[in-house]
Structures are given as C-alpha cells and as structure tokens.
Amino acid sequence: MWSAKSKKIERLDFILAGAQKSGTTALHYFLSRHPDITMGDQQEIHFFDNDAMFVSEVDYEQLHKHYPRLAAKAIAGDCTPSYMYYEPAADLEIQPAD
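The following refers to the structure shown. (Residues numbered from 1 in each chain as written. Predicted model: local features only at pLDDT ≥ 70, side-chain atom pairs only at ≥ 80, totals over all residues. Heavy atoms only, no water.)

## What to know about the overall build of the protein
Each helix and strand counted, the protein has 3 helices and 5 strands in total. The helix and strand sequence of the protein, counted from the amino end, reads β-β-α-β-α-β-β-α. Counting over 98 residues, the protein shows a buried share of 31%. Expressed as a percentage of contacts within the protein between residues at least 6 apart in sequence, the contacts between residues at least 24 apart total 74%. (Helix = DSSP H or I, 4+ residues; strand = E, 2+ residues; numbered from the N terminus. Buried < 20%, exposed > 50% of the residue type's maximum accessible area, 1.4 Å probe, protein only. Contact = heavy atoms within 4.5 Å.)

Okay, here's the thing in structure tokens:
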C-alpha cells in the first residue's frame, strides 16, 4: 500500500539527451542510484522519438507506465540519447508545472 506521501508521475522533471559514447549510460546509472530520483524501468524509453505516439492526441500514460509511484519529493527523468538527433523531439512544447 502506498503512503499518503507518494505520488503518481504526471510529467518528467528532466530528459537526458546525448550522443553515443558520451557517458549517458554512466549518468543514467548514477542518477538511478539516487534515492530521490527515478529513471524509469529501462534506460532508453524512446517515447519522444516515436512518431506513432504523436499521430493523434498524445497518451502520456504510455510514458508514465514506465515509472513507479514516487515519494513526494522525488523527481523523474528519461535518458534516451537519440532525442538529441530527433528534430521533432526538440519542437515538443513543455508544459510548466502547476
């Protein structure tokens, strides 16, 4: 059972994009070991570079299902280096937190 202080992820707090052999695997590893950071259930989720996700209204539950419930103070991130090279990913509008 989840405590009252846990929350379901509603958005990512950060995204790591990079290049091959630039250290993203090491960065993912170290961030995922931090008790207040979750990096999801796999290193490269490939949500924002998947054209099929953006054909119609975006179902962000397909992204959020990769993340466990978080402690109230925890943050969530995605490490998919290929976002650096996928031009449409840079055009996505980031919604500010409420």
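Further notes follow.
## A closer look at the nonpolar core
The tendency in soluble globular proteins is for nonpolar side chains to be buried as a group. If you look at the biggest cluster of nonpolar residues, it comprises 11 residues: I9, L12, I45, F47, F48, L63, Y67, L70, A74, A76 and Y83. Each residue touching I9, except ones within four places of it in the same chain, is listed here: H64, Y67, L70 and A76. Judged by nonpolar contacts, the second largest core, of 5 residues, contains L16, L31, M39 and C79. (Core = buried A, V, L, I, M, F, W, Y, C linked by side-chain atoms within 4.5 Å.)

## Overview of the sheet that holds strand 2 (residues 14-16)
Across the sheet, 3 strands lie side by side as 2-5-3; this open sheet has parallel pairing. At either end of the open sheet lies a strand with only one pairing partner, and these are strand 2 and strand 3 (37-38). Direction of pairing for strand 2 relative to strand 5 (residues 75-79): parallel, over a ladder of 3 bridges. Looking at the pairing, I15 lines up with D78 of strand 5. (Pairing = 2+ DSSP bridges.)

## Quick notes on unusual backbone geometry
For K21, which is not a glycine, the phi torsion comes out positive at approximately 60 degrees. Within the element layout of this structure, K21 appears in the loop between strand 2 and helix 1 (24-32). One non-glycine residue, H46, lies in positive phi territory at about 55 degrees. Inspection of the secondary structure assignment puts H46 in the loop between strand 3 and helix 2 (61-64).

## Things to note about the packing of aromatic side chains
Here the distance between the centres and the angle between the planes together describe a pair of aromatic rings. Throughout the structure, instances matching the rule amount to 6 aromatic pairs. Considering the side-chain rings of F47 and F54, the 5.6 Å spacing of their centres and the 70 degrees angle between planes classify their relative orientation as edge-to-face. F54 gets classed as partly exposed once you look at its relative accessible area, which sits at 26%. Summarising the aromatic geometry, the rings of F47 and Y60 are spaced 5.6 Å apart at their centres and angled 40 degrees between planes, so their arrangement reads as tilted. (Phe/Tyr/Trp six-rings, centres within 6.5 Å; stacked < 30°, edge-to-face > 60°.)

## Focus on the environment of F48
Looking at the secondary structure, you find F48 in the loop between strand 3 and helix 2. For F48, a relative accessible area of 12% corresponds to the buried category. Along the chain, F48 and P88 lie 40 residues apart, while their C-alpha atoms are 8.3 Å from each other.

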